[in-house]
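Chain and residue survey
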Amino acid sequence: MPKLKTKRAAAKRFRKRAGGGIKRGQAFLRQILTKKNTKRKRHLRGGAEVHAADRASVRTMLPY
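**Thoughts on the environment of alanine 9**
For alanine 9, the location among the structural elements is in helix H1 (residues 8-13). Alanine 9 sits in the partly exposed class, given a relative accessible area of 43%. Each C-alpha atom, one on alanine 9 and one on methionine 61, is 9.0 Å from the other, the two residues being 52 residues apart in sequence.

Shown next, in the form of structure tokens:
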């Protein structure tokens with residue numbers, strides 16, 4: 001059986017964690033930042049976990 005190819009766009013957006021979860025970056029921090037308050041922008045800085053419903057589809061894009 002041939003090797004599976006990794007979707008390169010997904011590899012740049014997601015990271016696998018040791019416990020089996022998948023880490024992702026927060027959205028809504030690229031543009032239109034003047035109307036967002038400082039607290040909101042600060043909380044968007046950290047990463048987040050991919051939701052359990054989406055985890056299977058992300059795993060197919062990241063086979064290794």
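The rest of the description comes next.
**Section: the nonpolar core**
Listed in full, the seven residues of the largest apolar core are Ala10, Ala11, Phe14, Ile22, Val50, Val58 and Leu62. Here isoleucine 22 is in contact with Phe14, Arg15, Ala48, Glu49, Val50, Arg55, Val58 and Arg59, once residues within four sequence places are set aside.

**Here we look at the pattern of salt bridges**
Scanning the entire structure with this criterion turns up one salt bridge. Notably, a salt bridge pairs arginine 17 with glutamate 49, separated by 2.3 Å at the nearest N-O pair. A residue pair is termed long-range when its members are at least 10 positions apart, and arginine 17 in the loop between strand S1 (14-16) and strand S2 (22-25) and glutamate 49 in strand S3 (residues 47-49) qualify at 32 residues.

**Comments concerning a nonpolar patch on the surface**
Judged by side-chain polarity, Met1, Leu4 and Tyr64 come together as a nonpolar surface patch covering roughly 470 Å² of accessible area. Secondary-structure assignment places methionine 1 in the segment before H1. Owing to a relative accessible area of 95%, methionine 1 belongs among the exposed residues under this scheme.

**With respect to the sheet that holds S3**
Strand order across the open sheet formed by three strands is S1-S2-S3, with antiparallel pairing between neighbours. Each having just a single partner strand, S1 and S3 make up the two edges of the open sheet. With strand direction ignored, the average angle separating the axes of adjacent strands in the sheet is 35°. Here three bridges tie S1 to S2, and the two strands are oriented antiparallel to one another. Pairing of arginine 15 across the sheet is with lysine 23, part of S2.

About the thresholds
- Residues numbered from 1 in each chain as written.
- Predicted model: local features only at pLDDT ≥ 70, side-chain atom pairs only at ≥ 80, totals over all residues.
- Heavy atoms only, no water.
- Helix = DSSP H or I, 4+ residues; strand = E, 2+ residues; numbered from the N terminus.
- Buried < 20%, exposed > 50% of the residue type's maximum accessible area, 1.4 Å probe, protein only.
- Core = buried A, V, L, I, M, F, W, Y, C linked by side-chain atoms within 4.5 Å.
- Contact = heavy atoms within 4.5 Å.
- Salt bridge = Lys/Arg side-chain N within 4 Å of Asp/Glu carboxyl O.
- Patch = residues over 30% accessible without salt bridge, like charges linked within 9 Å, V, L, I, M, F, W, Y side chains within 5 Å.
- Areas by Shrake-Rupley, 256 points an atom, 1.4 Å probe, with all protein chains shown as cover.
- Pairing = 2+ DSSP bridges.
- Axes fitted to C-alpha atoms, helices over the stretch in contact; angles between N-to-C directions.

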